[in-house]
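Coordinate analysis (summary)
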Amino acid sequence: MDWIQSGKVRARITEDGALEVTCTGLTTQTKYYKTLLKEFFRKDFPRLRPGYGDYSVHIVMEHLGDAPWMDLDNLAKALLDSLCGNVFEDDHQVARLLVERRAAERDGIWMLAEAMEG
């Protein structure tokens, strides 16, 4: 599927059926991402149907220059909350979670959520 973009967010369903999301820019207000992505999924992205099995989620916070003062666990919680009701019913379905921070050419968030083989 092609990328769908609205404002700072863009997303697509990969050939493997995973949801890939990027968000440009960073803020230390991690709750911002929950609202931003929930609105994006509601208004701009084709209706996702939540699955019921286990999921793997990989989140990367990319930053230019010094890393911002942001707790990665809080970022992960906000992003997982935005996926509830869209990708999976509840974030307790996340069986594998990788959250990392790395230097990059621009500030942003990248996330990949995919159903795990049962």
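Remember, it's a predicted structure, so these values are computed and weren't measured experimentally.

Considerations on the layout of surface pockets
Within this model, the largest pocket holds a volume of roughly 240 Å³. Along its surface, the largest pocket is lined by 15 residues, and Thr22, Thr24, Glu62, Arg106 and Ile109 are the ones closest to its centre. For the lining of the largest pocket, the secondary-structure elements that each account for two or more residues are β2 (9-13), β3 (19-24) and β6 (108-115). Residues of the lining of the largest pocket, tallied by class, amount to five nonpolar, four polar and six charged. What the second largest pocket holds in volume is close to 170 Å³. Every residue lining the second largest pocket is counted, 13 residues in all, and those nearest its centre are Gly17, Ala18, Leu19, Tyr55 and Val87. The dominant element in the lining of the second largest pocket, judged by the number of residues it contributes, is β6, at three residues.

Re the sheet that holds β2
Taken in spatial order, the six strands line up as β1-β2-β3-β6-β4-β5 in an open sheet, and their pairing is mixed. Edge positions in the open sheet fall to β1 (4-6) and β5 (94-103), since each of these has one partner strand only. Neighbour to neighbour, the strand axes of the sheet diverge by 10° on average, direction disregarded. Pairing of strand β4 (residues 55-63) with β6 involves eight bridges; the strand directions are antiparallel. Residue Glu62 lies in a different strand from β6, and its bridge partner there is Gly108. Taken strand by strand, helix α2 (residues 72-83) contacts β3, β4, β5 and β6, and its axis lies near 130° from that of β5.

Description of the side chain of Ser82
Checked against the element boundaries, Ser82 lands in helix α2. Separated by 2.6 Å, the side chain of Ser82 and the backbone oxygen of Leu79 make a polar contact. In this structure, Ser82 is in contact with Tyr33, Lys34, Leu37, Lys38 and Phe41, ignoring residues within four places of it in sequence.

Here we look at the packing of aromatic side chains
Scanning all chains against the criterion turns up five aromatic pairs. Each ring, one from Phe40 and one from Phe45, has its centre 5.8 Å from the other, and the planes form 40°; the classification is tilted. An identical accessibility class is assigned to Phe40 and Phe45; each is buried. Members of the aromatic cluster, each reached through a chain of ring pairs, are Phe40, Phe41 and Phe45. Here the guanidinium or amino end of Arg10 rests over the ring plane of Trp3, the centre of that ring lying 3.8 Å away.

Parameters and conventions
- Residues numbered from 1 in each chain as written.
- Predicted model: local features only at pLDDT ≥ 70, side-chain atom pairs only at ≥ 80, totals over all residues.
- Heavy atoms only, no water.
- 1 Å grid on protein atoms, 1.4 Å probe; cavity = no way out; pocket = protein on both sides within 12 Å on 5 of 7 lines; lining within 4 Å.
- Points joined across faces, edges and corners; volume = space filled by probe spheres on them.
- Helix = DSSP H or I, 4+ residues; strand = E, 2+ residues; numbered from the N terminus.
- Nonpolar A, V, L, I, M, F, W, Y, C, P; charged D, E, K, R; others polar.
- Pairing = 2+ DSSP bridges.
- Axes fitted to C-alpha atoms, helices over the stretch in contact; angles between N-to-C directions.
- Contact = heavy atoms within 4.5 Å.
- Polar contact = N/O pair within 3.5 Å; in protein donor to acceptor, adjacent residues only side chain to side chain.
- Phe/Tyr/Trp six-rings, centres within 6.5 Å; stacked < 30°, edge-to-face > 60°.
- Buried < 20%, exposed > 50% of the residue type's maximum accessible area, 1.4 Å probe, protein only.
- Lys NZ or Arg CZ within 6 Å of the ring centre and 35° of its normal.

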